[in-house]
Amino acid sequence: MRIAVGGIHTECSTYSPVLMTIEDFCVLRDADLLGAEYFNFLDADGIEHVPLLHARAIPGGPVSRQAYQTFKAEFLAKLEAALPIDGLYLAMHGAMNVEGMEDAEGDWISAARGVVGSDCPVAASYDLHGNVSQRIIDQLDIFAAYRTAPHIDVRETMVRAWSMLIETLRTGRRPGVAWAKVPVLLPGECTSTEDEPAKSIYLGFSSFDAKPGVLDTNLMIGYVWADEPRATACAVVTGVDKASALKAAEEIALQYWNARKSFGFGPQTGPLEEMLDIAERATTSPVILADSADNPTGGGVGDRADVLRALLARDWQGALIAGITDRPAVEACFAAGEGASLALRIGGSLDPASAPADVTATVLRLDDPGAPAGRQAVVRVGGIEIVLSSRRRPYHNIEDFQRLGLDPKAVRLLVVKSGYLSPELAPIANPNLMAVTDGVVSQDIANLASNRRARPTFPFDRDFEFTPQAKLSARWDAVAGPAD
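1. Observations regarding the sheet that holds strand β19 (residues 471-472)
Spatial ordering of the open sheet is given by β8-β9-β7-β19, a layout of four strands whose pairing is antiparallel. The open sheet is flanked by β8 (214-220) and β19, the only strands paired with a single partner. Here helix α5 (residues 154-171) sits on the sheet and contacts β8 and β9 (233-239); the angle it forms with β8, its principal contact strand, is near 150°. Contacts from helix α8 (residues 242-259) reach β7 (176-182), β8, β9 and β19, with the element oriented near 25° to β7.

Take a look at the structure:
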């Protein structure tokens, strides 16, 4: 049996003015896809995996229409060339926005369904911060999403979706998908599965999975920084019994709705100046401060210098900022060389709304992996060291610092562009603070511009009633009986 594999995976803030282009994506094709660590679980007796195209990018602004159409055309051409196939597995994120388009994943998955036909089972794996629509659900037979945030079950989730597809092909028993919208839209920083009430909700899914007729249960938190009609939370259930799947979806949806007012930020959180006051008084280290609204892994631009300017105003000593995206500044550092001092404008290279910092900096270290877009520079301004990057990227792993000869444990204050801290940084934070800063992924959710979202939606609206009403996918609804 032959299973084709591909997809597109990114997350897009509609508040960002910076479009994502082809160059922002890491693209796996053909044999490189199957050889990648990301997909090396694709191994099952009697199954031939047919690699197509998988495009993945760090979250950012909307994807340019040209980039999306280029990837989609190549993916569909490869899919058509792969026919006949017995199944299709799509590794998606779910929060992509394409300029001038509604429901980009709905467009991608519908186009794939149009190629493979109605008889081919299609499975998809999603990030729990993806946005789902009826159009998406209607194309799928199998759905699985992450159950952890921070995401430590990416591979496990992909395996869940793929394994259900394998089982479908081997048994001939076709599952279906049911879902129930929940008019709640909270940021991931308020809904971490390491904190209550999300922790208990997600831990309870194993009991739902064990119910007769249910295969896999999910709660989609959704992506709050997409001002689009499909942006909402929802419960999504894969099952083989319609009534059981509908009931599970409604029960999960109701759990989330009933808990909506209990969610809050895990770390101590507040305005930037208040968090810096706390950091100044701290007698432990490293204090790790998350610059939340410029977090590139949440769709932030990554070029804001707000925290740098605030630290300079305080004449802060012993801080490390990692990092600020500023390719012109990196190129200036490379032109000057290690050890040089130079006048440097840091920040605001991508987002016109981002105010730069004009400083005199000393170049401490240069990192050149071979491509200009991968270059990094470490500079010192007074008592502050700053990592500058040519491309938008996070500094969330210890190796990111070690490559540059930096020890995040040895500084008084570490500033990272992040929301909740990564699994590698969280254990060393002493303490962890999160600043509600300015940027395109602001944590001031209630005051986000909301022009196109479905209303009412909590927390934009607070006083309204809701009762979950689950629906089947059009594919499953058209099938007589509990399953195909």
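2. A look at the pattern of salt bridges
Scanning the entire structure with this criterion turns up 32 salt bridges. Close ionic contact of D103 with R230 constitutes a salt bridge, the shortest N to O distance being 2.8 Å. Separated by 127 residues along the polypeptide, D103 in the loop between β4 (87-91) and α3 (104-116) and R230 in the loop between β8 and β9 bring together distant segments of the chain. Residue R230 is joined to E228 by a salt bridge in which the shortest nitrogen-to-oxygen separation is 2.7 Å. R230 gets classed as buried once you look at its relative accessible area, which sits at 8%.

3. A word on the sheet that holds strand β1 (residues 2-9)
Adjacent strands of a sheet form backbone hydrogen bonds with each other and so pair up, either parallel or antiparallel. The strand order across the open sheet formed by six strands is β2-β3-β1-β4-β5-β6, and the pairing between neighbours is mixed. Edge positions in the open sheet fall to β2 (25-29) and β6 (142-145), since each of these has one partner strand only. For this sheet the average axis-to-axis angle between neighbouring strands, irrespective of direction, equals 10°. Where helix α2 (residues 65-82) meets the sheet, its contacts fall on β1, β2, β3 (48-57) and β4, and the angle it forms with β3 comes to roughly 180°. Where α5 meets the sheet, its contacts fall on β1, β3, β4, β5 (122-126) and β6, and the angle it forms with β6 comes to roughly 160°.

4. With respect to the packing of aromatic side chains
Across all of its chains, the model carries eleven aromatic pairs by this definition. Taken together, a centroid distance of 5.0 Å and an interplanar angle of 45° make the contact between Y126 and F143 tilted. One end of the pair, Y126, is in strand β5; the other, F143, is in strand β6, and 17 residues separate them in sequence. In this pair, the class of Y126 matches that of F143, namely buried. In textbook terms, an aromatic cluster arises when at least three aromatic residues are bridged by ring pairs, as seen for Y68, F75 and W108. The ring of F458 has R260 sitting right over it, with the charged end atom 5.7 Å from the ring centre.

5. Considerations on the side chain of T148
Mapped onto the fold, T148 is located in the loop between β6 and α5. Exposure remark for T148: the relative accessible area of 16% places this residue in the buried category. Looking at T148, its side chain comes within polar contact range of the main-chain oxygen of P150, at 3.3 Å. If near-sequence neighbours (up to four positions away) are discounted, T148 is found in contact with L128, D153 and T193.

The rules behind these values
Residues numbered from 1 in each chain as written. Predicted model: local features only at pLDDT ≥ 70, side-chain atom pairs only at ≥ 80, totals over all residues. Heavy atoms only, no water. Pairing = 2+ DSSP bridges. Helix = DSSP H or I, 4+ residues; strand = E, 2+ residues; numbered from the N terminus. Contact = heavy atoms within 4.5 Å. Axes fitted to C-alpha atoms, helices over the stretch in contact; angles between N-to-C directions. Salt bridge = Lys/Arg side-chain N within 4 Å of Asp/Glu carboxyl O. Buried < 20%, exposed > 50% of the residue type's maximum accessible area, 1.4 Å probe, protein only. Phe/Tyr/Trp six-rings, centres within 6.5 Å; stacked < 30°, edge-to-face > 60°. Lys NZ or Arg CZ within 6 Å of the ring centre and 35° of its normal. Polar contact = N/O pair within 3.5 Å; in protein donor to acceptor, adjacent residues only side chain to side chain.

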